[in-house]
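Fold and contact review
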Amino acid sequence: MEIRLRRRRGRARRLVIASVAGAAVLGGVLVLPWERGTAPRPAPGPAARAGGAIGAGLPAALPGLAVLIGEREAHLRAHPLDARAWAVLGAAHVEHGRRTADPAHFPKAAKALRTSLRLGSRQDPATLEWLAALAVARRDFPAARTWGEAAARRAPKRWTAQAVLVEAYTGLGDHKGVGRALDRLLELRPGPAGSARAAAVYRDRGWREDAAARISDAAAAAGAPVERAAYLEQAGRLALERGDREPALRFFREALRADPDQRAAQAGQGRALAALGRTSEALAAYRAALARQPRPEWALELGELYESLRLGQGARVQYDLLRERVRGAAAAGVDEELVLGRFEADHGDARAALRRLDAEWRRQPGTAVADALGWALHRLGRDEEALGYAVRATDGDRGGGVRSASYIYHRGAIERALGRYGAARRHLAEALRIDPYFSPLHAPRCERALAALGEPSVEDPPAR
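Residues numbered from 1 in each chain as written. Predicted model: local features only at pLDDT ≥ 70, side-chain atom pairs only at ≥ 80, totals over all residues. Heavy atoms only, no water.

**Looking at the overall build of the protein chain**
- A count of helices and strands for the protein chain gives 24 helices and zero strands.
- In the protein chain, buried positions account for 52% of the 464 residues.
- Expressed as a percentage of contacts within the protein chain between residues at least 6 apart in sequence, the contacts between residues at least 24 apart total 55%. (Helix = DSSP H or I, 4+ residues; strand = E, 2+ residues; numbered from the N terminus. Buried < 20%, exposed > 50% of the residue type's maximum accessible area, 1.4 Å probe, protein only. Contact = heavy atoms within 4.5 Å.)

Right under this line is the structure:
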């Protein structure tokens, strides 16, 4: 036992040293806490901290990212052939665009990263990883897989390559690939960052308690406040999906205290407050989040909250914002077909939704796309086809292990339309057991559909 503990401590020390060294190289400065025979150096500034975070595969603070981008741009005006500086600039733009949902950063990131490959090694694994991360941010999962696999081949011991492959394979519906990449990631990085990614995978597989334990461990062991805030926001989402409204709200609030720029936690507050029936506060939280980060999926959520309150004008404003943001994202190479297809299926043109989602499915058949495509087919009355996709999204044997109340509601509604009342009753009830507050608009519809089915008859066939 002592030997194992010593080995673990040794590995932990080596990981810390390696991450500090990697951060120093990526940030373009030497950041060591001490040097033999010299006085301790001053604490690193915001740019160095941001560079260290993105080099270590961790969330970076927005103020530091802005300073880092400015510093690298100034440096490159004087040294335009510095391949490493181009890579750092590209990585900072990817992280800034991801954190702020500002797609204008992504073309700049692509230019910087490709310039780095042209000037330096075309097989530099760190640059290849950031091209993969850029593709994930743009929801281009085939490209993310290509870049991520190239990075992993060049540097098999870099855990960050496996982290981006987990996301790429998830978006492609490649569940075996996700498992392989996660196993390798946890072998290389057993700390909080690895635990957070494991929590996301476990959530998708329906292992809710394991996911909650993993993200709790990650938040407890996180270093910088911005990292802890990211894990607390993830914990809030997991709690809310279980219907645990008050704990979710506490997670989101604590995330915002740790990092006031954690706008996903602010939108999460809106979601939790709406579930608690505190609609005025929910509207304020959503509006505050959207004012800083107008993500189309949050505009859809707020629009549906307005619609549930019969505030049609407020809903229309948010749906217009959604369309505007999707257009801007498309111009920057970001694929928002999934959220636009979901919106069109429920609030717009279901035929347009089907065209978009069918194309998305052919390109990257993830679980979320299966659910949305099935729902669009249902809205058009094509329920036999719809059921196949709904089963794909909810059946663990087919990769849809996530315990999503929304997905299971969709399946139950489709089964009801097909006259499969036993299965419909079972799935509608299951959706409400998982999370009775999963949507201010759709949860009441689920309740009404279940009530309309009534109690099962002794003459009903067994639920399928």
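**A few points about the pattern of salt bridges**
- Evaluation of the coordinates by the stated rule reveals 24 salt bridges.
- Residue Glu301 pairs with Arg271 through a salt bridge whose shortest N-O separation is 2.9 Å. Residue Glu301 is located in helix α16 (residues 296-308), and its partner Arg271 is located in helix α14 (residues 263-275); the two are separated by 30 residues in the primary sequence.
- Relative accessible area serves as the criterion here: at 23%, Glu301 is assigned to the partly exposed category.
- What makes Arg271 partly exposed here is its relative accessible area of 23%.
- Where salt bridges share partners, they join Asp140, Asp335 and Arg363 into one cluster. (Salt bridge = Lys/Arg side-chain N within 4 Å of Asp/Glu carboxyl O.)

**So, empty space enclosed by the protein**
- All told, the structure shown has one cavity of 30 Å³ or more when counted by the stated rule.
- Taken together, Arg203, Arg208, Leu238, Glu241, Arg242, Val402 and Arg403 make up the full set of residues lining the largest cavity.
- By residue class, the composition of the lining of the largest cavity is two nonpolar, no polar and five charged. (1 Å grid on protein atoms, 1.4 Å probe; cavity = no way out; pocket = protein on both sides within 12 Å on 5 of 7 lines; lining within 4 Å. Points joined across faces, edges and corners; volume = space filled by probe spheres on them. Nonpolar A, V, L, I, M, F, W, Y, C, P; charged D, E, K, R; others polar.)

**Here we look at unusual backbone geometry**
- With a phi angle near 60°, Arg139 is a residue other than glycine that sits in the positive phi range.
- For Arg139, the location among the structural elements is in the loop between α6 (125-137) and α7 (141-154).
- Phi at Arg310 is positive, roughly 60°, even though this residue is not glycine.

**Regarding the environment of His442**
- Of note, His442 is situated in helix α24 (residues 442-453).
- Looking at His442, the relative accessible area reads 6%, which means it is buried.
- Remark: the alpha-carbon pair of His442 and Tyr409, spanning 33 residues in sequence, is separated by 8.5 Å.
- Here His442 is in contact with Glu304, Asp346 and Tyr409, once residues within four sequence places are set aside.
- There is a polar contact of 3.5 Å between the side chain of His442 and the side chain of Asp346. (Polar contact = N/O pair within 3.5 Å; in protein donor to acceptor, adjacent residues only side chain to side chain.)

**Let's talk about helix α2 (residues 46-55)**
- By the criterion of burial, α2 is predominantly enclosed, with seven of the 10 residues buried.
- Among all positions of α2, only Ala47, Ala48, Ala50, Gly51, Gly52, Ala53 and Ile54 are buried.

**As for the nonpolar core**
- Core analysis: the biggest nonpolar cluster contains 94 residues, and Ile54, Ile215 and Tyr231 have the highest contact counts within it.
- Top element by residues in this core is helix α12 (residues 225-241). It accounts for eight residues.
- With sequence-adjacent residues up to four places away left out, Tyr231 is seen in contact with Leu58, Pro192, Ala193, Ala196, Ile215, Ala218, Ala219 and Ala222.
- Judged by nonpolar contacts, the second largest core, of 35 residues, contains Leu387, Val402, Tyr409 and Ala413. (Core = buried A, V, L, I, M, F, W, Y, C linked by side-chain atoms within 4.5 Å.)

**Let's talk about the packing of helix α3 (residues 62-78) against helix α4 (residues 83-100)**
- In the contact formed by α3 and α4, the axes pass within 9 Å of each other and the chain directions differ by 150°. Relative to α4, α3 is oriented roughly antiparallel. Between α3 and α4 lies a crossing of left-handed hand. Note on element contacts: α4 touches α3 through Ala85, Trp86, Val88, Leu89, Ala92, His93, Glu95, His96, Arg99 and Thr100, opposite Leu62, Leu65, Ala66, Leu68, Ile69, Arg72, Glu73, His75 and Leu76. (Axes fitted to C-alpha atoms, helices over the stretch in contact; angles between N-to-C directions. Parallel < 35°, antiparallel > 145°, perpendicular 65-115°, else oblique. Left-handed = near helix turned anticlockwise from the far one by under 90°.)

**Looking at the side chain of Arg411**
- Following the sequence through the fold, Arg411 ends up in helix α22 (residues 405-417).
- Residue class for Arg411 comes out buried when judged on its relative accessible area of 13%.
- Only 3.0 Å separates the side chain of Arg411 from the side chain of Thr394, close enough to count as a polar contact.
- Not counting residues within four places of it along the chain, the set of residues in contact with Arg411 comprises Leu387, Ala390, Val391, Thr394 and His427.

**Re the packing of aromatic side chains**
- Counting across every chain of the model gives five aromatic pairs.
- Consider the rings of Tyr202 and Trp207, whose centres lie 5.3 Å apart with planes at 45°: the pair is tilted.
- Residue classification places Tyr202 among the buried residues on the basis of a relative accessible area of 15%.
- Between Tyr319 and Phe343, the ring centres sit 5.0 Å apart and the planes meet at 50°, which makes this aromatic pair tilted. Taken together, the positions of Tyr319 in helix α17 (residues 312-331) and Phe343 in helix α18 (residues 337-347) put the pair 24 residues apart, joining distant regions of the chain.
- By relative accessible area, Tyr319 is classed as buried at 7%.
- Following the ring pairs from residue to residue traces out a cluster consisting of Trp375, Tyr409 and Phe438. (Phe/Tyr/Trp six-rings, centres within 6.5 Å; stacked < 30°, edge-to-face > 60°.)

**Things to note about the environment of Leu65**
- One can find Leu65 in helix α3.
- When the C-alpha positions of Leu65 and Glu95 are compared, they lie 7.9 Å apart, and in sequence the two are 30 residues distant.
- When neighbours within four sequence positions are excluded, Leu65 is seen to be in contact with Ala50, Ile54, Ala60, Ala92, Glu95 and His96.

**Focus: the packing of α4 against α6**
- One can describe the packing of α4 onto α6 by two numbers: an axis separation of 10 Å at closest approach and a directional angle of 25°. Here α6 runs roughly parallel to α4, going by the angle between their axes. The interaxial crossing formed by α4 with α6 has left-handed handedness. In this structure, α4 uses Arg84, Ala87, Ala91, Val94 and Glu95 to contact α6, whose residues at the interface are Ala126, Thr127, Trp130, Ala133 and Leu134.
- Its residues placed into classes, the contact of α4 with α6 shows seven nonpolar, one polar and two charged.

**Considering the environment of Asp371**
- Looking at where Asp371 falls in the secondary structure, it is placed in helix α20 (residues 367-379).
- On a C-alpha basis, the gap between Asp371 and Arg392 in space is 7.7 Å, while along the polypeptide they are 21 residues apart.
- Asp371 has contacts with Ala393, Tyr407 and His410, leaving out every residue within four places of it along the chain.
- Separated by 2.8 Å, the side chains of Asp371 and His410 make a polar contact.

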